[in-house]
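Geometric and topological summary
The chain contents come next:
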Amino acid sequence: MSKVEHSSDSRFRVSRRGFLRASGVGAAAATGALGAVPFRQSRAFAQQGWDAEHDVVVVGSGGAGFVAAITARSMGSDVVILEKGTYVGGTTLVSGGGMWIPNSAQMQSAGIDDPRDEALKYMARHSFPHLYQPDDEMLGLPSHDYEMLTAYFDNASVAMAYLEEVGAARWTMQEIYGNPGQLNVDYQAQFEENIPKEGRTLAPLDDNDQQGGGGLLIEGYQSWAENNGISILLYHRAERLVINDAGEVIGVEVSVVDPGSDATPAATPQAVQTLAFRARKGVIFGSGGFARSEDMMHHLMPAPYYGGCSAPTNEGDFLRMSSAVSAKLGNLHNVWRNEGLFEQAVASSSAYNCAWYFNGDAFLMVNKEGRRFVNEQANYQDRPMSHHYWDPTEATWKNLLSFMVYDQRQQDNWGGGFPFPADPETSPYVLIGETLEDLAAAIAERMATLTAATKGMELSEDFAETFVGEVERFNEFARSGEDLDFRRGDFPYDQAWNAAPANLDEWPSPDQPNKTMYPLSDTGPYYAFIMAAASVDTNGGPVINSNGQVLNWNDEPVRGLYGAGNCVACPGVNAYWGGGATLGHAHVWGYMAAKHAHEASETTV
């Protein structure tokens, strides 16, 4: 029995106002070190009772947490969601809302064939290129990795159909925003193993049968939870796992902060109490990665990232707690990547700063030497990896900063689509030059003002000369239609994720053999801004099995402990199989974890 009915205080419940407000998360003040505590040393034992008891306790209210909660509740379990932030939704709230789901019911209805064997080959080749053997029974992968890929393929469509069946959402094959009729294209669609090429990404439908994004997804999940008896408790930070004598997770200790009232919110939230939550069948973490932990990012990432767009609450809480129960850890060096504005990240590392793709044609990126270094139209997971090329001669990351350069054509037709500003004259991060030489000088002048943040990233002495030559080379490629350096425009992704602008009567233009490239004008003005690799969120942490159970270093499940989404080691490792890979993992493993927890027998105290 629960000792205290703590959730009656409306300040700690989710509100529609709080959801729509969705701003200003301050991490709850911890009352002690994150980790685990034996039951006999826990709050519940000391007070001879739990503050609340549930079958399943879900930590985190993003996509993974909501899917786990909805699945467990719809199967008959009593469920609570603990959210340490000021609003529900996590990083999912600002996402595109797509989920990478192979062989979905929607694909089947549209007559799109997605053969299992070839899909698994695509996934394996993309995730494990150094191991991939197409003729091997397990495609050259270790048994655990192969099992996780097969479990993903076999259960992804089942999970989505289940959520639709219980009324939590409705799905459609996602069309690319700004490109009506064009289905989302897989991010390595050129692989011969990739049969359908497009259609695997699903998006939520609103009441008018229009596809929506992460906000619509979370709003629908929240509504389902409210209507089906799931308590969502804000300002509740899970801090310690409670374990029994057998080492099984039987609950979690939580610190609750006082947020103040809506009228007078607390300037610095302070912990006001600690509560003990009993989880009779399991604790499922969907609490996000550690992209907002400066300390973890510094010590676990092999190269720097500058800002991003993950929820401010993503501070690696689960990584700390799971380590206390000897959880096996994996993929800690990895992130879901993006690019962002360097100066914005320097000014505010917490600001939203993710450039997903670049509409347009008359632009290129150069490094500190003034040279192009990547296909600028490549997908947002693979493209930022080029920023972390290590130059063994100079012993530095040569491409850590890039300079996005474009002309008036690009500004006139694609201005206003982040990161290209609507008005470059009033955008402080945009540099302007009447000639390319003037622009190179403006870049050098701006870099001189940023020396405190650009140590080891200074421009080469011949930057201006090399830069002008590189623009001329780019223009030659654009006129011929063939990018001999980086093959821009050769791939399905490049072509699909490049929506037609509204201000051109005809596009591609008659003199444009490659719609992803157009020569920069012979006359100015020219524009530039500084970019760097950014983190959507990390995707490393405890290793899970195909049931979403956390494994220890002996590859044995830690009974009662589950994880899904960005707080665990991503089974796809570094690969972004297609649009919605992040939320795809969140949904598949959230569903699998909840299903297993619901069917599990109760742990003993």
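To start, this report covers the structure provided alongside it. Note that the structure is a prediction, hence the values are computed from the model and not measured.

Conventions and cut-offs
Residues numbered from 1 in each chain as written. Predicted model: local features only at pLDDT ≥ 70, side-chain atom pairs only at ≥ 80, totals over all residues. Heavy atoms only, no water. Helix = DSSP H or I, 4+ residues; strand = E, 2+ residues; numbered from the N terminus. Rg over C-alpha atoms; globule rule 2.2 N^0.38 Å. Buried < 20%, exposed > 50% of the residue type's maximum accessible area, 1.4 Å probe, protein only. Contact = heavy atoms within 4.5 Å. Phe/Tyr/Trp six-rings, centres within 6.5 Å; stacked < 30°, edge-to-face > 60°. Lys NZ or Arg CZ within 6 Å of the ring centre and 35° of its normal. Salt bridge = Lys/Arg side-chain N within 4 Å of Asp/Glu carboxyl O. Pairing = 2+ DSSP bridges. Expected span 1.5 Å × (residues − 1). Bend = angle between axes of the 7 residues up to and from the residue. 1 Å grid on protein atoms, 1.4 Å probe; cavity = no way out; pocket = protein on both sides within 12 Å on 5 of 7 lines; lining within 4 Å. Points joined across faces, edges and corners; volume = space filled by probe spheres on them. Arc of directions from axis to C-beta. Polar contact = N/O pair within 3.5 Å; in protein donor to acceptor, adjacent residues only side chain to side chain. Patch = residues over 30% accessible without salt bridge, like charges linked within 9 Å, V, L, I, M, F, W, Y side chains within 5 Å. Areas by Shrake-Rupley, 256 points an atom, 1.4 Å probe, with all protein chains shown as cover. Lys, Arg positive; Asp, Glu negative; His and termini not counted. Charge placed at Lys NZ, Arg CZ, Asp CG, Glu CD. Axes fitted to C-alpha atoms, helices over the stretch in contact; angles between N-to-C directions. Parallel < 35°, antiparallel > 145°, perpendicular 65-115°, else oblique. Nonpolar A, V, L, I, M, F, W, Y, C, P; charged D, E, K, R; others polar.

**Remarks on the overall build of the protein chain**
Each helix and strand in the protein chain was counted, giving 15 helices and 21 strands. Taken over the C-alpha trace, the protein chain has a radius of gyration of 25 Å; the compact-globule value for 605 residues is 25 Å, and the two agree within 12%. The principal-axis extents of the C-alpha atoms in the protein chain amount to approximately 80 × 55 × 50 Å. Expressed as a percentage of the 605 residues in the protein chain, the buried residues total 62%. Put simply, of all contacts in the protein chain between residues at least 6 apart along the chain, 76% involve residues at least 24 apart.

**A short note on the packing of aromatic side chains**
One pass over the structure, following the stated rule, counts 32 aromatic pairs. Look at Tyr493 and Trp497: their rings are 6.0 Å apart centre to centre, the planes differ by 25 degrees, and that puts the pair in the stacked class. Given a relative accessible area of 7%, Trp497 falls into the buried group. Feature note: the residues Tyr187, Trp336, Trp356, Tyr357, Tyr380, Tyr493, Trp497 and Tyr576 constitute an aromatic cluster, connected by ring pairs. Here Arg409 stacks its cationic end above the ring of Tyr518, 3.7 Å away from the centre of that ring. Against the face of Phe363 rests Arg488, its NZ or CZ located 4.4 Å from the ring centre.

**Regarding the pattern of salt bridges**
Applying the stated rule across the entire model yields 30 salt bridges. In this structure, Glu376 and Arg488 form a salt bridge, with 2.9 Å as the shortest nitrogen-oxygen distance. Remark: Arg488 occurs in the loop between helix H13 (463-480) and helix H14 (492-496) and Glu376 occurs in the loop between strand S13 (363-366) and strand S14 (390-391); sequence separation between them is 112 residues. Just as Glu376 is buried, Arg488 falls in that class too. Residue Asp490 is joined to Arg487 by a salt bridge in which the shortest nitrogen-to-oxygen separation is 3.2 Å. Since its relative accessible area comes to 42%, Asp490 is described here as partly exposed. One connected set of salt bridges, linked through shared partners, spans Glu53, Asp55, Asp78 and Arg280.

**Section: the pairing of S13**
Where burial is concerned, the two faces of S13 agree: the one with Phe363 and Met365 and the one with Leu364 and Val366 are both buried. Here S13 runs beside strand S16 (residues 401-407); their pairing, made up of four bridges, is antiparallel. Pairing of Leu364 across the sheet is with Val405, part of S16.

**Observations concerning the sheet that holds strand S4 (residues 99-100)**
Overall, antiparallel pairing links the three strands, which are arranged S4-S6-S5 in an open sheet. The open sheet has two edge strands, S4 and strand S5 (171-173), and neither has a second partner. Of the pairings in the sheet, the one linking S5 to strand S6 (residues 201-204) comprises three bridges and is antiparallel in character. The residue bridging Met173 from the neighbouring strand is Leu202, located in S6.

**Description of the environment of Arg446**
In this fold, Arg446 is placed in helix H12 (residues 436-448). Sequence-wise, Arg446 and Tyr429 are 17 residues apart; in three dimensions their C-alpha atoms are separated by 9.4 Å. Those residues in contact with Arg446 that lie beyond four places of it in its chain are Glu343, Pro428, Tyr429, Val430, Leu431 and Ile530.

**Looking at unusual backbone geometry**
Here the residue pair Trp507 and Pro508 is connected by a cis peptide bond, since its omega of 0 degrees sits within 30 degrees of zero. For Pro508, the location among the structural elements is in the loop between H14 and strand S18 (526-538). Each neighbour pair has its own omega, and for Gly524 with Pro525 the value is 5 degrees, a cis peptide bond. You will see that Leu139, though not glycine, has its phi angle at about 60 degrees, which is positive. With respect to the helices and strands, the residue Leu139 is situated in the loop between helix H5 (116-127) and helix H6 (143-165).

**Let's talk about H6**
Given a rise of 1.5 Å per residue, 23 residues ought to cover 33 Å, and the 33 Å separating the end C-alpha atoms of H6 matches this to within 8%. Considering bend angle alone, the principal kink of H6 is centred on Asn155 and spans about 40 degrees. Note on H6: the residue one or two positions beyond its end, Gly167, has a positive phi of about 85 degrees.

**Regarding the environment of Leu551**
Following the sequence through the fold, Leu551 ends up in strand S20 (residues 549-551). The residues contacting Leu551, other than those within four sequence positions of it, are His144, Ser326, Ala327, Lys328, Val543, Ile544, Asn545, Glu556, Pro557 and Val558.

**Observations regarding the layout of surface pockets**
Size it by volume and the second largest pocket reaches roughly 630 Å³. In terms of lining residues, the second largest pocket is bounded by 23 residues, among which Glu294, Met297, Tyr305, Tyr306 and Gly307 are the most central. Counting residues per element, the ones that place at least two in the lining of the second largest pocket are helix H8 (294-300) and helix H10 (342-347).

**Considering H12**
When the terminal C-alpha atoms of H12 are compared, their 18 Å separation across 13 residues agrees well with the 18 Å that a helix rising 1.5 Å per residue should span. For H12, the set of buried residues is Leu436, Leu439, Ala440, Ala442, Ile443, Arg446 and Met447. The arc that holds every buried residue of H12, seen down its axis, measures 160 degrees, which confines them to one face. Of the exposed residues in H12, the ones pointing more than 90 degrees away from its buried face are Glu445 and Ala448.

**Quick notes on the side chain of Asn314**
Structurally, the position occupied by Asn314 is in the loop between H8 and helix H9 (317-323). Given a relative accessible area of 4%, Asn314 falls into the buried group. Within the structure, Asn314 has its side chain in polar contact with the side chain of Asp537 (distance 2.9 Å). Beyond its immediate stretch of four places on either side in the chain, Asn314 contacts Thr91, Ser287, Gly288, Gly289, Phe290, Ala291, Arg292, Ser293 and Asp537.

**Here's the deal with a negative patch on the surface**
Judged by side-chain charge, Glu434, Glu437, Asp438, Glu472 and Glu476 come together as a negatively charged surface patch. For the negative patch, the elements supplying multiple residues, two or more each, are H12 and H13. Looking at the element boundaries, Glu476 is found in helix H13.

**What to know about the packing of H6 against helix H15 (residues 581-599)**
Between H6 and H15, whose axes approach to 8 Å, the crossing angle comes to 85 degrees. Classified by the angle between their axes, H6 and H15 sit roughly perpendicular to one another. Where H6 approaches H15, its residues Met148, Ala151, Tyr152, Asn155, Ala156, Val158, Ala159, Met160, Tyr162 and Leu163 are matched on the opposing element by Gly584, His585, His587, Val588, Trp589, Tyr591 and Met592. Looking at the contact of H6 with H15 residue by residue, the class counts come to 13 nonpolar, four polar and no charged.

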